[in-house]
There are 2 protein chains.
Amino acid sequence: MPRAGLDPAAVVAAGAALADEVGIARLTMGLLAERVGVRTPSLYKHVAGQNDLNRRIAALALNEAADAVGSAVQGYAGRDALGAAARAFRAFVLEHPGRYAATIGVEPTGPDDPMAAAGQRLLGAFTAVLRGYEVAESDVNHALRLLRSLCHGFATLQSAGGFQWSTDVDESFEWLIRFADRGLRAM
Amino acid sequence: MPRAGLDPAAVVAAGAALADEVGIARLTMGLLAERVGVRTPSLYKHVAGQNDLNRRIAALALNEAADAVGSAVQGYAGRDALGAAARAFRAFVLEHPGRYAATIGVEPTGPDDPMAAAGQRLLGAFTAVLRGYEVAESDVNHALRLLRSLCHGFATLQSAGGFQWSTDVDESFEWLIRFADRGLRAM
DNA sequence: GCTCAAAGCTACTGTCATTAGCCACGCTCG
DNA sequence: CGAGCGTGGCTAATGACAGTAGCTTTGAGC
């Protein structure tokens, strides 16, 4: 039996890719094993089980999202930064629906959970956007939750096919960015 | 064997209640059967399978949410209506996390799908809120998607424990309602 | 009281996650 | 170069579930 040369990172990466292809609900250990060229039980040498796999995919997704948003924002401020961040976030969710879905409904176990750290990074990227607006210190957390709810809500609703086809979805998103920008500038 | 006197509605109602208790992911046919006092295969006389059950729970949840939002809005207009609708929606999701979670990621099969009709009812309740604002005809769909994204995003993030405990969540939600109100009035 | 469709049950199958326990590969160190 | 050994792979088996087949019983309508 030739070694497959797997390690946890490779298994998680393959799992994330597979989740994007077939949906997180249809990501089975058997399918993932086949994808990486190994029998099912061998996966357990690298991840502790489906739960662990899911958490690692979620952490990967949050880190990637943070990277995408963070680098999209580079060099912009105010409205441009807001637009860049929101568009980057939505693009990420639509390109990687499976791995992003892995982040839903998973609570971090503790303060040193890699998922929690990744979530903080993503939050930090959005915090940077807020620095371009005159938001009172006491309102920063509220504004952050607003942006997170908006982006998360819109992206997941669209990803789940929750919008009817009556109106162009991209247009709605741009409208939503302008709405948030106006609101933040009027503080 | 005495008859249990079940029908599809009773099975779906019990399933929704159970989903709220244990979470949609842990809602198994065996658990539901035990809850309604029947063996597992008997459930299949009333629902076609887990998929069908999930869709029916989702339709029930959307109808109940539409009822809650619709009646909360009664007699209010403008900002009061918006606040009442948003609070009613969030309260519903937090009180019934399981059945609301059943609506996520389920696409309506066709135009006569009960779920689609229920979704339309919920949308209609929010449309009524918008009548208290001077929103241009061409912007109604965008504004609707904004409200839906906001409420859905906030409620699901909170329900999943997605917010840190640093700032009061109720306060954030009230802040968010004021933000949306200001934005809609400024059109 | 008879009929019969509906609603229940037992028994069974197939899929999946997970565990136990075995074995080969290939690196390290003498 | 060869022995030792940890790691990563495998087969086999278990247990939870969803779903199906086919039998039995109930009870409503005649």
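What you see is a predicted model; the values in this text were computed from it and never measured.

1. Some thoughts on the relation of the copies chain B and chain A
Superposition record for chain B on chain A: RMSD 0.0 Å, screw rotation 180°, translation along axis 0.0 Å. Taken together, the rotation and translation describe the operation of a two-fold axis. Of every C-alpha in chain B, the one belonging to B:Gly153 sits nearest the axis of rotation, 1.9 Å from it.

2. Describing helix α1 (residues 8–22) of chain B
All names here are of chain B. For α1, spanning 15 residues, the distance from its first C-alpha to its last is 21 Å, which sits close to the expected 21 Å at 1.5 Å a residue. In this fold, the buried residues of α1 make contact with α2 (29–36), α3 (50–73), α4 (78–95) and α5 (97–101). Taken from the residues just after α1, Gly23 is the one with a positive phi, measuring 95°.

3. Some points on the interface of chain B and chain A
Taken together, the contacts link 36 residues of chain B with 36 residues of chain A. Across the interface of chain B and chain A, roughly 3200 Å² is buried in total on both sides, 64% from carbon and sulfur atoms. Taken together, the connections running from chain B to chain A amount to zero salt bridges. Here chain B is connected to chain A by 13 residue pairs in polar contact (both at pLDDT 80 or more).

4. Quick word on the packing of helix α3 (residues 50–73) of chain A against helix α6 (residues 114–130) of chain A
All names here are of chain A. Between α3 and α6, the shortest axis-to-axis distance is 8 Å and the interhelical angle comes to 20°. Between α3 and α6, the angle falls in the class roughly parallel. For the element pair α3 and α6, the recorded crossing hand is left-handed. Taken together, the residues of α6 that come into contact with α3 (itself represented by Arg55, Ala58, Ala59, Leu62, Asn63, Ala65, Ala66, Asp67, Val69, Gly70 and Val73) are Pro114, Met115, Ala118, Gly119, Arg121, Leu122, Ala125, Phe126 and Val129. The residue makeup of the contact of α3 with α6, split by class, is 14 nonpolar, three polar and three charged.

5. Structural notes on the protein's contact with DNA strand D
Around DNA strand D, 20 residues are found, and the nearest of them are A:Arg39, A:Ser42, A:His46, B:Arg3 and B:Gln50. Within 4 Å of the protein, the atoms of DNA strand D are drawn from sugar and phosphate moieties in a proportion of 62%. Take A:Arg39: an N or O atom from its main chain is 2.7 Å from a phosphate oxygen of DNA strand D. The separation between a phosphate oxygen of DNA strand D and a polar side-chain atom of A:His46 is 2.7 Å. Tallied by class, residues from the surface near DNA strand D come to nine nonpolar, seven polar and four charged.

6. What to know about the packing of aromatic side chains
Under the counting rule described, the total for this entry stands at eleven aromatic pairs over all chains. Their ring planes at 25° and their centres at 5.6 Å tell us that B:Trp175 and B:Phe179 sit as a pair that is stacked. With a gap of four residues between them, B:Trp175 and B:Phe179 both fall in helix α8 (residues 169–185), about one helical turn apart. Residue class for B:Trp175 comes out buried when judged on its relative accessible area of 6%. A relative accessible area of 2% places B:Phe179 in the buried class. Counting every residue linked through ring pairs, the aromatic cluster contains A:Trp175, A:Phe179, B:Trp175 and B:Phe179. Over the face of the ring belonging to A:Phe173 we find A:Arg90, whose NZ or CZ atom lies 4.5 Å from the ring centre. A cation over a ring is seen here: B:Arg145 above A:Phe163, with NZ or CZ 5.1 Å from the ring centre.

Reading the values: rules and limits
Residues numbered from 1 in each chain as written. Chains lettered and ligands numbered in written order. Predicted model: local features only at pLDDT ≥ 70, side-chain atom pairs only at ≥ 80, totals over all residues. Heavy atoms only, no water. Least-squares fit on C-alpha atoms with pLDDT ≥ 70 in both. Helix = DSSP H or I, 4+ residues; strand = E, 2+ residues; numbered from the N terminus. Expected span 1.5 Å × (residues − 1). Contact = heavy atoms within 4.5 Å. Buried area = accessible area lost by both parts, 1.4 Å probe. Salt bridge = Lys/Arg side-chain N within 4 Å of Asp/Glu carboxyl O. Polar contact = N/O pair within 3.5 Å; in protein donor to acceptor, adjacent residues only side chain to side chain. Axes fitted to C-alpha atoms, helices over the stretch in contact; angles between N-to-C directions. Parallel < 35°, antiparallel > 145°, perpendicular 65-115°, else oblique. Left-handed = near helix turned anticlockwise from the far one by under 90°. Nonpolar A, V, L, I, M, F, W, Y, C, P; charged D, E, K, R; others polar. Near = heavy atom within 4 Å. Phe/Tyr/Trp six-rings, centres within 6.5 Å; stacked < 30°, edge-to-face > 60°. Buried < 20%, exposed > 50% of the residue type's maximum accessible area, 1.4 Å probe, protein only. Lys NZ or Arg CZ within 6 Å of the ring centre and 35° of its normal.

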